[in-house]
Amino acid sequence: MSSIKSIGVLTSGGDAPGMNAAIRAVVRACIYNDLRVFGVMRGYQGLIDNDIEELHSNSVSNIIQSGGTILKSARSMEFKTQEGREKAYDNLRKRDIDALVVIGGDGTFTGARIFGQEHNFPIVGIPGTIDNDLYGTDYTIGYDTALNTVVEAVDKIRDTATAHSRLFFIEVMGRDAGFLALRSGIASGAEAVLVPEVRTDFDQLEHFLQNGFKKNKTSSIVLVAEGDEIGGAIKIADKVGKEHPEYDVRVTILGHIQRGGSPSAFDRVSASRMGLSAVEALMDDQKSIMIGLANNQIVHTPFNQALKNKKALNPQLLEMTKILSI
Ligand code: ATP
């Protein structure tokens, strides 16, 4: 018999579509297993401020389809201090909460690892970030929805790019990871994709663009990950535009539309599976692990490993963008 009788759930760091589906799954899985479940508002800051309330089955009705997070998210500086974490622990004890499910990215899991060790407190993580940059899972919650948002936007830009034979540099999110740029580049038929994992070869890019225009390509789209070492789409467009005044260069930065919107079916299903598995793992007395999906199976990765390792871009996909855009 597990000693866990009551679980808290929070969302932390950048929000991602599908977080609500994960919250719903955690709440319903707890209730199904006769556990009490508490929602913590605004991530770790809500733990410190005691902004916690008990959730019931109908607290999560009608949320599976909405973006954002009903629990709200925040970046808490106070949780990075020992005093802040002491306050958080006291509030959990006062409410008899025995374990936590945290939904977020690597910062969230770093905080969870430290807190779990300091107070011997069971925590299981669910990867929620549009960047898909976490080791130990093929997909993070929100990535698929963001991917579809980017592709839809690029399709629209392609229409106007074609009408005017323009060269567009489109910047997508992903901080220092190029997953979103690479996949959306493939799905939208981008002429080139620039990612932080690979140094931008300007000679190659120019050669490629010139060839394209010589062949009368009616438009060219280059997707740029925001963390690319050149410094984003504006800087690259500036350089290319100065060196090639013959190109009609434009820049679009997609920005926060990539975080919003109703989650895709894939994100809803993944989030539901991960939410249920997180509760089952805690009932099985597991702790300090991240739930993930590998080859469409649920897997567990210790926080230490998930945080220590860097997920690699698939080099075959990168190569493919070059082959398919000739
Ligand atoms: P995203 O990938 O979307 O940015 P994230 O989880 O990485 O999500 P962060 O802002 O880096 O987002 O981290 C979320 C929260 O985790 C921080 O606001 C802080 O409260 C906590 N946290 C991060 N690093 C630490 C740390 N070293 N010690 C304690 N808490 C931390």
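Computed from a predicted model, the values in this text were never measured in an experiment.

The next subject is the sheet that holds strand E1 (residues 6-11). The 7 strands are arranged E3-E2-E1-E4-E5-E10-E11 in an open sheet whose pairing can be described as mixed. Whereas interior strands pair on both sides, the edge strands pair on one side only; in this sheet they are strand E3 (52-54) and strand E11 (297-302). Pairs of neighbouring strands in the sheet enclose a mean axial angle of 25°, with direction left out of account. Pairing of E1 with strand E4 (residues 99-104) involves 5 bridges; the strand directions are parallel. From the neighbouring strand, threonine 11 faces E4, where its bridge partner is isoleucine 103.

What follows concerns the domain arrangement of the chain. When cut into domains, the chain gives domain 1 (6-142 + 263-308) and domain 2 (143-259). The distance between the C-alpha centroids of domain 1 and domain 2 comes to 34 Å. If you look at the interface, domain 1 gives 17 residues, while domain 2 gives 14 residues. Counting each side, the surface lost to burial between domain 1 and domain 2 is near 1,300 Å², with a carbon and sulfur contribution of 48%. Ranking the residues of domain 1 by area buried against domain 2 places Ile130, Asp131 and Asn132 at the top, with a combined share of 42%. Summed over the shared surface of domain 1 and domain 2, the result is 2 salt bridges.

Rules and cut-offs
Residues numbered from 1 in each chain as written. Predicted model: local features only at pLDDT ≥ 70, side-chain atom pairs only at ≥ 80, totals over all residues. Heavy atoms only, no water. Pairing = 2+ DSSP bridges. Helix = DSSP H or I, 4+ residues; strand = E, 2+ residues; numbered from the N terminus. Axes fitted to C-alpha atoms, helices over the stretch in contact; angles between N-to-C directions. Domains from an automatic or database assignment. Contact = heavy atoms within 4.5 Å. Buried area = accessible area lost by both parts, 1.4 Å probe. Salt bridge = Lys/Arg side-chain N within 4 Å of Asp/Glu carboxyl O.

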